[in-house]
Amino acid sequence: MVHVIKNLPTLAVYLHGNEKNNRFCYSRRAKLRYPREIFALYTGKVKGCLSFNGSNLVYVSENCTMFGFSQLKLPSVLFSFKEVNNLCSIALNVPCELESVCDRESEDSDVQNGNSTNDAYKLELSRKDCLTNSNIGNLDTNQPSSFLEETKNSGEDVIMYLEETNEEVLSKRILKLSRQNKPKSALAIYKSMTFSSLKPDLHACNSLLSSLLRNGMLDIALKNFNSMKASGLTTGHTYSLILKAVADARGCNAAMNMFSELISSKNLKEKIDIVVYNTMISIFAKANSWYQAQKIWNILKDNGQVGTIVTYRLLVCTFVRCGQNELAIDAYSELIRNGLSPEGDTMHAIIGAYSREGKYDSALNVLQYMLDNELKPNERACNAVINSLGKAGKVKLSFEVYELMKSLGHAPDAYTWNSLLNALNRANRYSEALQLFERIRNLQSVILNVHIYNTILTSCHRLGLWDKAIQILWQMEASEIPVSTASYNQVIGACEVARRPKVALQVYYRMVRKKHSPDIFTLLSLMRVCIWGSLWNEAVEILKLSAPNGSLYNAAIQGMFLTGKIDLAKKLYTEMRERGLQPDGKTRAMMLQNLPRRSMRNRRRNVQNYKF
């Protein structure tokens, strides 16, 4: 293990040897072991230095003895002679505790024979592991330097001797290197600064962390984040960066666990600002996890934080996208109570929430607020308001919003036309709906879909226009539009209103041939139209072919009674009871009213024979 020792004493440095084997040695006092030794005394600053008249490289291999410390052996390393002074300055000026400084560490300790000290530390300075650069103060980040070349192969724990001690200057270098996407070089300066008890500014720390994350160095970034957190070099932006990176790499749960740890710490809780909360909400919004987003919202309020426009935009849009319209309305109401002005995205989303909840007046108010603030509502918001007004039967307001939509430059689409047709149907203005449908069909820019066809089939059903309904049904099939069971039900219903039982049966048989399964609404409509059309056998056949259903039997029995088919109604009633189906109150009453009017004894006997 390589260590640097705090408060190293004054050293004496001397040179000796011949031209072939030059040596550089240093100790607490000069020891003239050889008659030709030349030494210079160092006390943190060079007092004097003689020229070295040998090779321009110095071979370092001797020992250094200090006050009470065991010898520190320097293995074979080549330094230029001008770096000799710096080698001593590092030992004299580094004010740090025992600390690891190299990535490729060796934990060997060596006790020299004959030394009175019990402990020994072996200091290994390798050119490939720990670089001493006397010109780091003049490092040009735009030009490749020896430092940058060395750090490419070194780990993230490289420590350098910093001749420059100005924190502002070094922070700017970290910032510049981080922006140039050189995280290792920036990290080396940051490590060296903290090693020398120098603090980089917060902007430089955040930029370094961002650079590490951009290059996929999450583990190193987390280690560096913990160092920043311990040194108090973090801001809300720092936590946002690391939480987002953890969520992307390890999932939302890992980010939530880290966030819980941060807010549980009293020292860090004050630094968790609204930006961090917004980051967490955006993480869960991206995953469509509305429950976790709501949880962060509650924590935010419990901790006395006040949301911003961004906070409520994230909440409203997330809740609306996940179908939680009531939560979206609550978040929007809180935004207004806090005196904030909502953004366009927020208002577009809340219009959809109000519309789906049937609050057409609130949706209309938000739309008017957008117009008053010179914001242009999008096509989707206008359609949502038209649809909401149409469901409420507000035909006039629906068409006014439609005109507004056109004035804003939005072209009405199939959703717009279907909303307007529904509005007319809700107001019982079926003839006007048919007229509007003919206008829509003549527009080449509009592609009719199954929703528009089903809406207009409803109009035909209400008016009893069976021929028009059948014509539209054939058009749907010819246009290869998927015809649903609901479409056939509307046509059969139109035939029922128009008292066209045979046509209704033809539509039913065609429906079966098209492999559409009839539902209870189809069978009830058929049953009613067959009974009113005196198609008794067909009605009984429908009962036999369909699954046992009490509503269907009740409709058949009641229809038989009303048309005078008492015996057939009683027969169906007995069959109904045998199949375990329960008659409703109206069916029971009709059965009692149609019992034989004989003696009381016979009437009681007949009542006992029938199981009500």
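As a reminder, the structure under discussion sits directly above these lines.
Read on for an overview of the structure. As the structure is a computational prediction, the values presented were derived from the model and not from experiment.

Conventions we followed
Residues numbered from 1 in each chain as written. Predicted model: local features only at pLDDT ≥ 70, side-chain atom pairs only at ≥ 80, totals over all residues. Heavy atoms only, no water. Core = buried A, V, L, I, M, F, W, Y, C linked by side-chain atoms within 4.5 Å. Buried < 20%, exposed > 50% of the residue type's maximum accessible area, 1.4 Å probe, protein only. Contact = heavy atoms within 4.5 Å. Helix = DSSP H or I, 4+ residues; strand = E, 2+ residues; numbered from the N terminus. Expected span 1.5 Å × (residues − 1). Arc of directions from axis to C-beta. Axes fitted to C-alpha atoms, helices over the stretch in contact; angles between N-to-C directions. Parallel < 35°, antiparallel > 145°, perpendicular 65-115°, else oblique. Left-handed = near helix turned anticlockwise from the far one by under 90°. Nonpolar A, V, L, I, M, F, W, Y, C, P; charged D, E, K, R; others polar. Salt bridge = Lys/Arg side-chain N within 4 Å of Asp/Glu carboxyl O.

**Describing the nonpolar core**
Right, on to step 1. Counting residues in hydrophobic clusters, the biggest one holds 147 residues, and the most contacted among them are Phe-259, Tyr-277, Met-280, Ile-350 and Ile-351.
Right, on to step 2. Not counting residues up to four positions away in its chain, the partners in contact with Met-280 are Leu-243, Ala-255, Met-256, Phe-259 and Ile-296.

**With respect to helix H27 (residues 566-578)**
Right, on to step 1. For H27, built from 13 residues, the straight-helix expectation of 18 Å at 1.5 Å per residue is met to within 8% by its first-to-last C-alpha distance of 18 Å.
Right, on to step 2. Buried within H27 we find Ala-569, Lys-570, Leu-572, Tyr-573 and Met-576. Projected onto a plane normal to the axis of H27, the buried residues spread over an arc of 165° and lie on a single side. Opposite the packed face of H27, turned more than 90 degrees from it, sit the exposed residues Asp-567, Lys-571 and Glu-578.
Right, on to step 3. Close packing links the buried residues of H27 with helix H25 (536-545), helix H26 (550-562) and helix H28 (585-593).
Right, on to step 4. At the exit of H27 stands Gly-580, carrying a positive phi of roughly 75°.

**Some thoughts on the environment of Tyr-332**
Right, on to step 1. Looking at the secondary structure, you find Tyr-332 in helix H13 (residues 325-337).
Right, on to step 2. Overall, the relative accessible area of 8% leaves Tyr-332 in the buried class.
Right, on to step 3. Residues Tyr-332 and Ala-349, spaced 17 residues apart in sequence, show a C-alpha to C-alpha distance of 9.9 Å.
Right, on to step 4. With sequence-adjacent residues up to four places away left out, Tyr-332 is seen in contact with Val-316, Pro-342, Thr-346, Met-347, Ile-350, Tyr-354 and Val-366.

**Structural notes on unusual backbone geometry**
Right, on to step 1. Even without being glycine, Glu-374 reaches a positive phi, approximately 60°.
Right, on to step 2. When you line up the elements, Glu-374 lands in the loop between helix H15 (360-372) and helix H16 (379-391).
Right, on to step 3. Phi is positive for Arg-499, close to 55°, though the residue is something other than glycine.

**Remarks on H28**
Right, on to step 1. Residues of H28 that are buried include every one of Thr-587, Met-590 and Met-591, and no others. Down the axis of H28, the buried side of the element spans an arc of 100°, and every buried residue falls inside it. Seen from the open side of H28, the exposed residues pointing more than 90 degrees away from its buried face are Gly-585 and Gln-593.

**Some details on the packing of helix H6 (residues 218-231) against helix H7 (residues 236-250)**
Right, on to step 1. Where H6 contacts H7, the two axes come as close as 11 Å, and the packing angle between them is 150°. The angle between H6 and H7 falls in the class roughly antiparallel. As for the relative orientation of H6 and H7, their crossing is left-handed in sense. Residues Leu-218, Asp-219, Ala-221, Leu-222, Phe-225 and Lys-229 of H6 touch H7, and the partners they reach there are Thr-238, Tyr-239, Ile-242, Ala-245, Val-246, Ala-249 and Arg-250.
Right, on to step 2. Among the residues forming the contact of H6 with H7, the class breakdown is nine nonpolar, one polar and three charged.

**Some details on the environment of Gly-585**
Right, on to step 1. On the secondary structure map, Gly-585 appears in helix H28.
Right, on to step 2. Gly-585 gets classed as exposed once you look at its relative accessible area, which sits at 52%.
Right, on to step 3. Put simply, Gly-585 and Asn-554 are 31 residues apart on the chain and 9.6 Å apart in space, counted from C-alpha to C-alpha.

**Comments concerning the pattern of salt bridges**
Right, on to step 1. If you walk through the whole model with that rule in mind, you get twelve salt bridges.
Right, on to step 2. Glu-168 is paired through a salt bridge with Lys-172; the nearest N and O atoms lie 3.8 Å apart. Here Glu-168 and its partner Lys-172 are both found in helix H3 (residues 167-179), four residues apart, which amounts to about one turn of the helix. Each member of the pair Glu-168 and Lys-172 is classed as exposed.
Right, on to step 3. Between Glu-438 and Lys-468 there is a salt bridge, with its nearest N and O atoms 2.8 Å apart. With Glu-438 in helix H19 (residues 430-442) and Lys-468 in helix H21 (residues 466-478), this residue pair connects regions lying 30 residues apart in the sequence.
Right, on to step 4. Judged by relative accessible area, which is 26%, Glu-438 ranks as partly exposed.
Right, on to step 5. The exposure class of Lys-468 is buried, given its relative accessible area of 19%.
Right, on to step 6. When salt bridges with common partners are traced through the structure, they connect Glu-438, Arg-441 and Lys-468 into a single cluster.

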